[in-house]
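# Commentary on secondary and tertiary structure
Spelled out from the first residue to the last, the chains are:
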Amino acid sequence: MINDLNTHEATKDMEVTKNLGGGSLIGVPIYYRNGDNYGTLCGLDLKPFKYTEDHVDLFNAMANLLGNVLELERANSEIESLSVPIVPISDEVAILPIIGDVSEGRTERIMEIALSESASNNLDYLIFDLSGLVNIHSNSAMNLLKIGQSLKLIGVQMIVTGIRPDLALKAVQSHSDFDQIIVESNLKQALNWIGYKLVKE
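Procedures and definitions
- Residues numbered from 1 in each chain as written.
- Predicted model: local features only at pLDDT ≥ 70, side-chain atom pairs only at ≥ 80, totals over all residues.
- Heavy atoms only, no water.
- Phe/Tyr/Trp six-rings, centres within 6.5 Å; stacked < 30°, edge-to-face > 60°.
- Buried < 20%, exposed > 50% of the residue type's maximum accessible area, 1.4 Å probe, protein only.
- Lys NZ or Arg CZ within 6 Å of the ring centre and 35° of its normal.
- Helix = DSSP H or I, 4+ residues; strand = E, 2+ residues; numbered from the N terminus.
- Contact = heavy atoms within 4.5 Å.
- Core = buried A, V, L, I, M, F, W, Y, C linked by side-chain atoms within 4.5 Å.
- Salt bridge = Lys/Arg side-chain N within 4 Å of Asp/Glu carboxyl O.
- Pairing = 2+ DSSP bridges.

## Re the packing of aromatic side chains
Geometry of an aromatic ring pair is reported as the spacing of the ring centres plus the angle between the planes. Per the counting criterion, the structure on display carries 3 aromatic pairs. Plain terms: the ring middles of Tyr32 and Tyr38 are 6.1 Å apart, the flat faces sit at 90 degrees to each other, and that makes the pair edge-to-face. A relative accessible area of 16% means that Tyr32 is categorised as buried. One Lys or Arg, Arg74, reaches over the ring of Tyr32 and ends 3.8 Å from the middle of that ring.

## Observations regarding unusual backbone geometry
A positive phi angle is found at Asn122, which is not glycine, with a value near 55 degrees. Looking at the element boundaries, Asn122 is found in the loop between helix H3 (104-120) and strand S5 (125-136).

## As for the side chain of Thr11
Mapped onto the fold, Thr11 is located in the segment before helix H1 (15-20). Ignoring anything within four residues of it in the chain, the contact list for Thr11 reads Ile2, Asp4, Leu5 and Thr17.

## A few points about the nonpolar core
Ranked by internal contacts, the top residues of the largest apolar core, which has 22 residues, are Leu96, Ile98, Leu126, Phe128, Leu130, Ile147 and Leu151. Mapped by element, the contributors of at least two residues to this core are strand S4 (93-102), H3, S5, helix H4 (138-153) and strand S6 (157-161). When neighbours within four sequence positions are excluded, Ile147 is seen to be in contact with Thr107, Ile110, Met111, Ala114, Phe128 and Met158. By size, the runner-up hydrophobic cluster in this structure holds 9 residues, among which are Ile26, Ile30, Tyr32 and Ala63.

## Here we look at the pattern of salt bridges
With the rule as written, the count across this model stands at 2 salt bridges. Among the salt bridges present, the one from Glu71 reaches Arg74, with a minimum N-O distance of 3.8 Å. Of the two residues, Glu71 and Arg74 are both situated in helix H2 (residues 53-82); the distance of 3 residues between them amounts to about one turn of the helix. Judged by its relative accessible area of 14%, Glu71 is buried.

## As for the pairing of S4
When you tally the buried positions in S4, you get 8 out of 10 residues, the bulk of the element. Relative to S4, strand S3 (residues 87-88) is paired through 2 bridges, and the arrangement is antiparallel. What sits directly across from Val87, in S4, is Ile95.

And the structure:
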């Protein structure tokens, strides 16, 4: 809280204070539930103003409300990205495109989908295409690659395509085991490895 921008040590010499001609400011940070800061909710008056505890309580309540709305928006986006289906290529081959952000919770959901769909469709190969990834947490990168071990137990070979340099670095740093998966740079090479060739008729 700054009751008078013209007299406060942090703002009295700022160019914006001179342009405004003074005033007052109150600001409250807005946080996601995991502690990440989204930004700040600010109130500005062009005249000096003495803020009370009621003003502080009001701004804190609004910041908490905005934080909850932003959290719901992020959760909805993640739920939408979870709805990406496994795309069949043939009776024994399918592709699972991973798009957007991958949190630890989403990694668990991806594993559930991969195992259940692979078993119910009697797949021999499941291609994970990571080219649509926006961001992935370090632990999630490790767990995502470990899905190959689980798939191997039900007789499915995991093939990963589209690994970006940053994801490869996270995987190496987490000492992930690549023995259970095949890594190819793109979908065409993955299909070639299986023995498929795309022929235009």
